[in-house]
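# Architecture at a glance
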Amino acid sequence: MDYAAAIRERLPATWRGDDFGQLVAVLESYLPKEDLEGIFNAYELSAKAHEGQQRLSGQAYISHPIAVAKILAELHLDVSTIKAALLHDVLEDTSCTLEDIQKNFGEDVAVLVDGVSKLDKLHFHSAAEAQAESFRKMLLAMVRDLRVILVKLADRMHNMRTIDALSAEKRRRIAKETLEIYAPIANRLGIYSLKVELEDLGFKAFMPFRYRVIEHALSKASGSQRQFLRKIEAKLKKNIRDHQINGRLVTREKHLYSIYSKMRRKHIHLSEIVDVFGIRIVVPDIDTCYRVLGLVHQIYKPMPGRFKDYISIPRVNGYQSLHTTLFGPKGMPLEVQIRTEEMDQVAERGIAAPWKYKAVEKHTYSAEARARDWLQGLMEMQQTGNSEEFLEAVKVDLFPDKVYMFTPKGDILRLPRGATAVDFAYAVHTDVGNRCVAAKIDRRPVPLKTTLSNGDTVEIITARSAKPNPSWVNFVTTAKALNAIRGFLKGLKKDEARELGKRLLSQSLRPYSLNLRRLRKTQTSSLLKELGGLDIGELYEQLGLGKRLAPVIAGMLAQQVDNEGDVATELRPLDIAGTEGLLISYAGCCHPIPGDDIVGFMSTGRGVVIHRSNCHHVAEYRKHPAKWIPVDWRRGVKGEFQSEIQVKTLNRVGLLAEVAGRISATLSNIDHVNVETDDDESTLLFRLNVRDRRHLAHVIRSIRTNPGVVRVNRATG
């Protein structure tokens, strides 16, 4: 029986379409026929509820839930999840109620649909709060049922596939959220197939020019590389067969956002990335993985320091594989991944992998179990702070750039790079963190603020009467530790909070050679007026409760006292959250301009120094978390800002004048130019005055069209 045809006969002609037939074809490939009737009923209710509605693209709205269901069907999700996918928008966009869903499809489907639905029918003070509260609800629903996030990820996937119908501003906002929240969640849950597509779609919508540049460069280089890979693949296949090993080989290409992220993170050119192309070898069992590794190393020499054993120590999302980078023919670098069939399924699908792959070996635990442990941690975090604080904490926790440490008993803990002994204590248990007084690394006593390294064995010493030290907020990196300490601070009594705030401000004034007792009343009065008419006790209380940052207030007081002298000429006002009245200067290493993502660093004598987020100094400054603060550009900011561009040109007479003329034609003034030449090419470094990123892009495009210009790029900090 053709079930797709049968359901079409029951529906009006306006609801029929090839999309539903394609969904049914996928479902029939893995579900029993008797399960399809309930899915048809869910489709029928959804089609009736959305009748007459259209997407911005002009398509009938029902095409969206069908597409979401198809994405999940391709992951072989169960019947309830497919039904929830077909119904996931009816609560928001139609008159259908949760009771209707529960009555027709049961509690299981109703819980899933409710978990995915936004909270747009409630009142919030801001769009940011609405987004954060909706996200909080979704994550807490995940704790009850992990399938909630699978529906939400598929929903976001189809929205990203059809994002071109939206305005440019909405595309950027949604793409940014996808890169910051949804792709990292897919990665955290080990669903590689969703993570890769979400990242590339987000990258294309958020940074279309960079996407096209990398895509073009990769396509130019990939032809010869693929031919090379086929020869290597044939050689490896023959060697494996000769040793009577069953296995399959797959060639793979690193996706564009991963390439861009690596270029940005390591400040390298595309040509310097050694693992753009690679080969995956899938074998029956773990013993064979290590045998194949030995065979591969006999054929091609391994690069020192480039071997990673994720089988013995899996990644935080449950991923397991052996990774090795080889010197291929003619020295071409080649990454080889070796894993079992089960590991390959878990790597691609994570928590969505078939149940038989949920526990690969007895000594490991499944991607689903790891996800539940992570969600349990989120449950602890959400008990302190408001929705927006919770969302920011989750963002911190989502990026698993991890190092591996050991407890004295040999258990492995994974923490973000830069984590301290206090972070480790809270990772063991919240009570251990709250009561820790000292730490040992490899049996040697170390300060609690010590940054941990891969392979450290960490021992935490506790005392029953100990309490969290408020100064820990300045150096911990994990969301769990930060939330636990802030939760303790919020529980302080008013008098204790005021005393603590006074102490914190006094400490923060020391770098400015200032003392609270020596400050004139006029100086503190002026500051309190700027802060909205607080009295000094209220300010201390807010500092003690963590509502204001002591280093920021100290900087404002220093501004009142210091003779600004010549420095003031380079300082300009900028709207910065929580830093009312601070002086601002712009870093000469990276030259930030309006439109750039930026961060601020508290600097003695210069107030807050603004850097681009990708400036190489930012990584160094982040070792001092108490001194850097989030900043953003004032809306409609006016004026001219310095920027630097590097222009590679052929060596010919008059080209410098031609390029300078192009810059002048874009209404940009040149402050400085430096020229370096060799036999064939010249490198011109221009320091310009521009209004914003758009103006700078216009300058760069104008220069690129000049004959003799080889390459133009913005100088990076």
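In the block above lies the structure referred to throughout.
Residues numbered from 1 in each chain as written. Predicted model: local features only at pLDDT ≥ 70, side-chain atom pairs only at ≥ 80, totals over all residues. Heavy atoms only, no water.

### Describing the overall build of the chain
Tallying secondary structure elements over the chain gives 28 helices and 18 strands in all. Looking at the chain as a whole, 49% of its 717 residues qualify as buried. Of the contacts formed within the chain by residues at least 6 apart in sequence, a portion of 66% connects residues at least 24 apart. Of the roughly 35,300 Å² of accessible surface on the chain, a fraction of 49% belongs to carbon and sulfur atoms. (Helix = DSSP H or I, 4+ residues; strand = E, 2+ residues; numbered from the N terminus. Buried < 20%, exposed > 50% of the residue type's maximum accessible area, 1.4 Å probe, protein only. Contact = heavy atoms within 4.5 Å. Areas by Shrake-Rupley, 256 points an atom, 1.4 Å probe, with all protein chains shown as cover.)

### Digging into unusual backbone geometry
Located in the positive-phi region is Q244, a residue other than glycine, with phi close to 55°. In this structure Q244 comes out as exposed when scored by relative accessible area, which is 74%. Even without a glycine there, the phi angle at L667 is positive, about 65°.

### Looking at a nonpolar patch on the surface
A contiguous nonpolar patch, built from L656, I670, V673 and V675 and spanning about 270 Å² of accessible area, is present on the exposed surface. Mapped onto the fold, L656 is located in helix α27 (residues 655-665). (Patch = residues over 30% accessible without salt bridge, like charges linked within 9 Å, V, L, I, M, F, W, Y side chains within 5 Å. Salt bridge = Lys/Arg side-chain N within 4 Å of Asp/Glu carboxyl O.)

### What about the sheet that holds strand β17 (residues 681-690)?
The four strands lie next to each other as β16-β17-β15-β18, forming an open sheet whose pairing is antiparallel. Taken across any chain shown, the strands that pair with only one partner, and hence form the sheet edges, are β16 (669-677) and β18 (709-714). Direction aside, the axes of adjacent strands within the sheet are offset by 20° on average. Bridge count for strand β15 (residues 641-650) against β18 is five bridges, and the pairing is antiparallel. (Pairing = 2+ DSSP bridges. Axes fitted to C-alpha atoms, helices over the stretch in contact; angles between N-to-C directions.)

### Some words on helix α5 (residues 79-87)
Taking burial as the measure, the nine residues of α5 include nine buried ones, the bulk of the element. Turning to α5, its buried residues are V79, S80, T81, I82, K83, A84, A85, L86 and L87. N-cap assignment for α5: the residue whose side-chain oxygen lies 3.2 Å from the backbone N of S80 is D78. (Polar contact = N/O pair within 3.5 Å; in protein donor to acceptor, adjacent residues only side chain to side chain.)

### Section: the pattern of salt bridges
Within the structure shown, the criterion is met by 19 salt bridges. Residues E197 and R161 are paired through a salt bridge, measuring 2.7 Å at the closest nitrogen-oxygen approach. With E197 in helix α12 (residues 192-206) and R161 in helix α10 (residues 147-161), this pair connects stretches of sequence that are 36 residues apart. Taken together, the shared-partner salt bridges connect R248, R280, R339, E341 and D344 into one network.

### Focus: the pairing of β15
Regular strands place their side chains on alternate faces of the sheet. Pairing geometry for β15 and β17, over ten bridges, is antiparallel. If you follow Q646 over to β17, its bridge partner there is L685.

### Overview of the packing of aromatic side chains
The tally for this structure, following the rule as stated, stands at eight aromatic pairs. On the basis of an interplanar angle of 55° and a centroid distance of 5.8 Å, the ring pair of F20 and F40 is categorised as tilted. Of this pair, F20 sits in helix α2 (residues 18-28) while F40 sits in helix α3 (residues 36-49), and the two are 20 residues apart along the sequence. Per residue, the accessibility class of F20 equals that of F40, and both read buried. Each ring, one from Y257 and one from Y260, has its centre 6.2 Å from the other, and the planes form 40°; the classification is tilted. You can see Y257 and its partner Y260 sitting in helix α14 (residues 256-266), three residues apart, about one turn around the helix. Taken as a pair, Y257 and Y260 share a single burial class, namely buried. (Phe/Tyr/Trp six-rings, centres within 6.5 Å; stacked < 30°, edge-to-face > 60°.)

### Concerning a positive patch on the surface
Taken together, the side chains of R265, K266, K308 and R315 present a region of like positive charge at the surface. Mapped onto the secondary structure, R265 falls in helix α14. You can call R265 exposed: its relative accessible area is 53%. (Lys, Arg positive; Asp, Glu negative; His and termini not counted. Charge placed at Lys NZ, Arg CZ, Asp CG, Glu CD.)

### Quick word on the environment of M303
Examined against the element boundaries, M303 turns out to sit in the loop between α15 (286-299) and β3 (308-309). Distance in space between the C-alpha atoms of M303 and P333 is 8.4 Å, their sequence separation being 30 residues. Not counting residues within four places of it along the chain, the set of residues in contact with M303 comprises T325, L326, F327 and P333.

### Quick word on the state of the cysteines
Tallied over the full model, the rule gives zero disulfides. Unpaired in terms of disulfides, C615 finds its nearest cysteine sulfur in C589, a separation of 3.5 Å. The buried category is assigned to C615, whose relative accessible area is 3%. (Disulfide = S-S within 2.5 Å.)

### Some remarks on the packing of helix α8 (residues 107-116) against α10
Put simply, α8 and α10 touch, their axes get as near as 9 Å, and they point 55° apart. Between α8 and α10, the angle falls in the class oblique. Crossing angle aside, the handedness with which α8 passes α10 is right-handed. For the pair formed by α8 and α10, the contact residues are D108, V111, L112, G115 and V116 on the first element and R147, V148, V151 and K152 on the second. Along the lines of polarity and charge, the residues of the contact of α8 with α10 split into five nonpolar, one polar and three charged. (Parallel < 35°, antiparallel > 145°, perpendicular 65-115°, else oblique. Left-handed = near helix turned anticlockwise from the far one by under 90°. Nonpolar A, V, L, I, M, F, W, Y, C, P; charged D, E, K, R; others polar.)

### As for helix α16 (residues 341-349)
For α16, every residue scored as buried is listed here: M343, D344, V346, A347 and R349. Just past α16, the residue G350 takes up positive phi, approximately 55°.

### Considering the nonpolar core
Counting 104 residues, the largest nonpolar core has L72, L87, I101 and I281 as its most contacted members. Counting 48 residues, the second largest nonpolar core, distinct from the first, contains L500, L505, L557 and I700. (Core = buried A, V, L, I, M, F, W, Y, C linked by side-chain atoms within 4.5 Å.)

### Description of the sheet that holds strand β8 (residues 436-441)
If you trace the three strands from one edge of the open sheet to the other, you get β9-β8-β10, paired in antiparallel fashion. Single-partner strands in this sheet number two, and they are β9 (444-446) and β10 (458-462). Across the sheet, the mean angle from the axis of one strand to that of its neighbour is 35°, orientation sign disregarded. Strand direction decides the pairing type here: β8 and β9, joined by three bridges, are antiparallel. Note that in β9 the partner of I441 across the bridge is R444. Contacting β8 and β10, helix α19 (residues 421-428) crosses the sheet at an angle of about 80° to β10.

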